[in-house]
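These are the residues of each chain, in order.
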Amino acid sequence: MRPVFFLSDFGLEDPYVGVVKAVLRERAPGVAVVDLAHDLPPQDLRRAAYALFEAVPYLPEGAVVLAVVDPGVGTSRRAVAVRGRRWYVGPDNGLFTLAWLLDPPQRAFLLERVTPPRPRGVEPLLGWAPGAHTFHGRDRFAPAAAHLALGLSPEALGPEVAPEGLLRLPLALSHGPRGEILTFDRFGNAITTLLWAPLGGFVEVAERRLPVRRTFGEAAWGEALAYLGSAGLLEIALHGGSAREALGLKEGMPVALLEVLD
C-alpha cells in the first residue's frame, strides 16, 4: 500500500480535513496518511505550489500526493490523477506546477469514473444523493487517492489524457539575474523564483539593496537580508521580523541579483 501525503487550504477549524481522511481510510483501510499542510492561505495557488515544491523531494517514490487548493471547484476545471515518480491527485489548475519541475508528469487520467462516498444515516432526513459540487476533496480526490494507494489500475478512474495539456501557473525558476517574489511563508519571509545568489553580493527588491548572507545570524537584529532558503530558492527576510510588512513586499514584485547585472 502506498502512503498518502495530504495538503490543502481547508484549515483545522472545520471538519473538512478529517472527513477527507475518513474517506481515505474507509476506501483504503490501514493507509498511512501524512499531513503536509492545511493552514495555507485560502485559494492561494502560488503558496500551495511552493509548499509542494518544498515537500516533494522528501516524499518516497510511488507515494500519492493528494493536494486540494481549488478555487475553481464546481466549474469546468478538470479533476486529475497524474503519474510521475509519484502520483498527484487534485484539480487541474496549476497547483502542481513547481512539483512537476522536480517530478515531470508521465501519464494523466481524468477522474470521471470515481464513485463518491455515501453518507450514512442521513437519507431519511435530507433525501441525500451521493456527491456534491463543492467538496471534490471528499467526493473525487479522496476516493481516487485511496484507489491509487491500494495499487489499483488508474484506468478505472477515467480516460487517459496527454500530460502536455495539464495546466501550469505562469511561473519560471531561474539562476538570475532577474526573478520575482513567488510567495511568502508565515513568518513574512519572501520566497523568490531565483535559484542562486552570490555570498557577499547584493539583491535589489522594492528599491532596496540587500546583502546576501548565509543565514539570519550573520545579519544584525532588524536588518533585512537575502539568503538561500531550505528549498534552494532565494529568500528575503528581516532578522527578527516580517520582511513582507517592513519592506512592503508583494507577490510578483521584481527581484534582481546586482552582482550578476554589474
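Keep in mind it's a predicted model, so treat the numbers as computed, not measured. (Residues numbered from 1 in each chain as written. Predicted model: local features only at pLDDT ≥ 70, side-chain atom pairs only at ≥ 80, totals over all residues. Heavy atoms only, no water.)

## Some thoughts on the nonpolar core
Leu7, Leu52, Tyr88 and Leu95 are the most contacted members of the largest nonpolar core, which totals 33 residues. Counting residues per element, the ones that place at least two in this core are strand E1 (4–8), helix H2 (45–55), strand E3 (64–68), strand E4 (79–83), helix H3 (99–102) and strand E6 (107–110). What Leu95 contacts, discounting residues up to four positions off in sequence, is Leu45, Ala48, Ala49, Leu52, Ala67, Val68 and Val69. Counting residues in hydrophobic clusters, the runner-up holds 29 residues, among them Val17, Val23, Val64 and Trp87. (Core = buried A, V, L, I, M, F, W, Y, C linked by side-chain atoms within 4.5 Å. Buried < 20%, exposed > 50% of the residue type's maximum accessible area, 1.4 Å probe, protein only. Helix = DSSP H or I, 4+ residues; strand = E, 2+ residues; numbered from the N terminus. Contact = heavy atoms within 4.5 Å.)

## A look at the packing of aromatic side chains
The full count for this structure, using the stated rule, is nine aromatic pairs. A centroid spacing of 5.9 Å and a plane angle of 85 degrees characterise the contact between Phe10 and Phe135, whose relative ring orientation is edge-to-face. Linking Phe10 in the loop between E1 and helix H1 (16–27) with Phe135 in the loop between helix H4 (123–126) and helix H5 (136–149), this pair joins segments that are 125 residues apart in sequence. Across the pair, Phe135 and Phe10 agree in class, each one buried. When the ring of Trp87 is compared with that of Phe109, the centres are 6.1 Å apart and the planes differ by 45 degrees; the resulting orientation is tilted. Taken together, the residues Trp87 in strand E5 (residues 87–91) and Phe109 in strand E6 connect sequence positions 22 residues apart. According to the relative accessible area criterion, Trp87 is buried, its value standing at 5%. Aromatic ring contacts, followed pair by pair, group Phe6, Phe10, Tyr16 and Phe135 into a single cluster. (Phe/Tyr/Trp six-rings, centres within 6.5 Å; stacked < 30°, edge-to-face > 60°.)

## A word on the pattern of salt bridges
Within the structure shown, the criterion is met by 13 salt bridges. Residues Arg85 and Asp103 are paired through a salt bridge, measuring 3.9 Å at the closest nitrogen-oxygen approach. In this pair, Arg85 is assigned in the loop between E4 and E5 and Asp103 in the loop between H3 and E6, connecting sequence segments 18 residues apart. In this structure Asp103 comes out as buried when scored by relative accessible area, which is 0%. With a closest N to O distance of 3.0 Å, Arg107 and Glu155 form a salt bridge. One end of the pair, Arg107, is in strand E6; the other, Glu155, is in the loop between H5 and strand E7 (160–161), with 48 residues separating them in the sequence. Given a relative accessible area of 32%, Arg107 falls into the partly exposed group. Glu155 sits in the partly exposed class, given a relative accessible area of 37%. (Salt bridge = Lys/Arg side-chain N within 4 Å of Asp/Glu carboxyl O.)

## Describing the sheet that holds strand E8 (residues 178–184)
The strand order across the open sheet built from seven strands is E11-E10-E14-E8-E9-E13-E12, with neighbouring strands paired in antiparallel fashion. The strands lining the two open edges of the sheet, one partner per strand, are strand E11 (208–211) and strand E12 (224–228). Neighbour-to-neighbour, the strand axes of the sheet open up by a mean angle of 30 degrees, direction not taken into account. Its contacts with the sheet place H2 against E8, strand E9 (190–192) and strand E13 (234–238), and it is angled at close to 95 degrees to E8. (Pairing = 2+ DSSP bridges. Axes fitted to C-alpha atoms, helices over the stretch in contact; angles between N-to-C directions.)

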